[in-house]
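Per-entry structural report
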Amino acid sequence: MRGFITGLSGATLSTAERHFVQEAAPWGLILFKRNVTTPDALRRLIGEFRAMVGRQAPVLIDQEGGRVQRLGPPHWQTYPPGAAYGAVFDRDPDAGLRAASLGGRLIANDLARLGIDVDCAPVADVPAAGADPVIGDRAYGADPAKVAALAGAFAMGLTKGGVLPVLKHLPGHGRATADSHQRLPVVTADRATLDATDFAAFRPLCGLPLGMTAHVVFAAVDPVAPATTSANIVKQVIRDSIGFNGLLMSDDISMGALSGSLSERTRAAFTAGCDVVLHCNGILSDMIEVAGEAPTLVGDAARRAEAALAVRKPAAPLDVAESRAELAKLLHDTRPEAGFA
């Protein structure tokens, strides 16, 4: 078993992908809209992937709600963005936390029924004035304590539904003035400001089992390398200052923010202290290149991976109709245009 998460090109495994998955033994699989057709087809794809690797490998998806949800109509419910929960929280903090927990729990129900057991959420980024809109309404708000509380409630909802949360994007993407999918953001705020805002939202969430790095340079800590490939940021900020001790995965290693070949990027992420590298584009030649640099999971990385997967539990009972109605009422009171019904 090697320390990378792979994508796939489509809704079925090609012959070449079957051979690749069997030989490369990725730790997990991440799904995108290109992989999604019907519920039955998606369950078959997941089952075949797990059969190829010979274990109950984690299967991930980005299902935050709002702009970032890979599953949607006609087969799945749409969900509101993080900002909608923040709006409820501003009116009534207890209602906001309940709404976030319900949102996570209902998403987990959708995912678990398909065999998906990891959701790349919650987003604990704290947006700042003038930042790129790539985070925008994905964030729960601009106050670190509020963000941490709502992200924690959403994560708890996922966990109760048998789905592991992934805390992102460590140690913060909200202040970035560029979209890291396209180019490398550089944050110039001083360390004291970062500690009080961006990093502060993640500290109360440091016990979550999985986390994802940000492809963002924090010049006050490392003026050159983004968090994903910076040993200083991984050790000094993510591990020590924030206190995160879960499995740390990179954001997508093929994103435009990073430079160098995929081999170089992969090596740099592992050297910096990432436990697992995430590769998303589904291009087989790229997948092979990343796999060639991904080490076998051993030592602390293996321990953290095992500990994370041990958190997976059977879903608690859920009255779906009642929960949907409650969430719709909570959201409607503040945000009737949220689109949840």
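Below is a short write-up of the structure. Remember, predicted model here, so these are calculated numbers, not experimental data.

Assigned secondary structure in the chain consists of eleven helices and twelve strands. Its C-alpha atoms give the chain principal-axis dimensions of about 50 × 50 × 30 Å. Counting every position in the chain, which comprises 341 residues, the buried fraction comes to 57%. The long-range share in the chain, meaning contacts at least 24 apart out of those at least 6 apart in sequence, stands at 76%. Carbon together with sulfur atoms contributes 54% to the accessible area of the chain, which is approximately 12,600 Å² in total.

Turning our attention to the state of the cysteines. Inspection of every chain in the model, using the stated rule, returns zero disulfides. The thiol of C120 is unpaired, and the distance to the nearest cysteine sulfur, on C280, comes to 7.8 Å. C274 takes part in no disulfide bond, and the closest cysteine sulfur to it belongs to C280, at a distance of 13 Å. Judged by relative accessible area, C274 falls into the buried class, the value being 5%.

The element strand 1 (residues 2-6) is largely enclosed, with a buried count of four among its five residues. Note that strand 1 and strand 2 (residues 26-31) share three bridges and pair parallel. Paired with T6 across the strands is L29, a residue of strand 2. Taken together, strand 1, helix 1 (residues 15-24) and strand 2 form a β-α-β motif whose crossover is right-handed. Bridge count for strand 1 against strand 12 (residues 276-278) is two bridges, and the pairing is parallel. Following the sheet pairing, I5 is matched in strand 12 by L278.

Across the interface, helix 1 lies against helix 9 (residues 284-293) with an axial gap of 11 Å and an inter-helix angle of 10 degrees. Comparing the axis directions of helix 1 and helix 9 gives the class roughly parallel. Contacts between helix 1 and helix 9 involve A16, F20 and A24 from the former and L284, M287, I288 and A291 from the latter. Here the residues of the contact of helix 1 with helix 9 sort into seven nonpolar, no polar and no charged.

A full pass over the atoms with the stated rule returns 19 salt bridges. In this structure, D117 engages R50 in a salt bridge whose closest nitrogen and oxygen atoms are separated by 3.2 Å. Of the two residues, D117 is situated in the loop between helix 4 (93-112) and strand 6 (118-119) and R50 in helix 2 (residues 39-53); the sequence distance between them amounts to 67 residues. Exposure remark for D117: the relative accessible area of 7% places this residue in the buried category. On the basis of relative accessibility, which here comes to 9%, the residue R50 falls in the buried class. Across the pair R98 and E326 runs a salt bridge whose closest N-O atoms are separated by 2.8 Å. Here R98 is found in helix 4, whereas its partner E326 is found in helix 11 (residues 320-332), with 228 residues between them in sequence. E326 sits in the partly exposed class, given a relative accessible area of 29%. Look at the salt bridges and you will find they share partners, linking D62, E64, R70, R138 and K168 into a network.

The rules behind the values
- Residues numbered from 1 in each chain as written.
- Predicted model: local features only at pLDDT ≥ 70, side-chain atom pairs only at ≥ 80, totals over all residues.
- Heavy atoms only, no water.
- Helix = DSSP H or I, 4+ residues; strand = E, 2+ residues; numbered from the N terminus.
- Buried < 20%, exposed > 50% of the residue type's maximum accessible area, 1.4 Å probe, protein only.
- Contact = heavy atoms within 4.5 Å.
- Areas by Shrake-Rupley, 256 points an atom, 1.4 Å probe, with all protein chains shown as cover.
- Disulfide = S-S within 2.5 Å.
- Pairing = 2+ DSSP bridges.
- Right-handed = clockwise from strand over helix to strand, strands pointing away.
- Axes fitted to C-alpha atoms, helices over the stretch in contact; angles between N-to-C directions.
- Parallel < 35°, antiparallel > 145°, perpendicular 65-115°, else oblique.
- Nonpolar A, V, L, I, M, F, W, Y, C, P; charged D, E, K, R; others polar.
- Salt bridge = Lys/Arg side-chain N within 4 Å of Asp/Glu carboxyl O.

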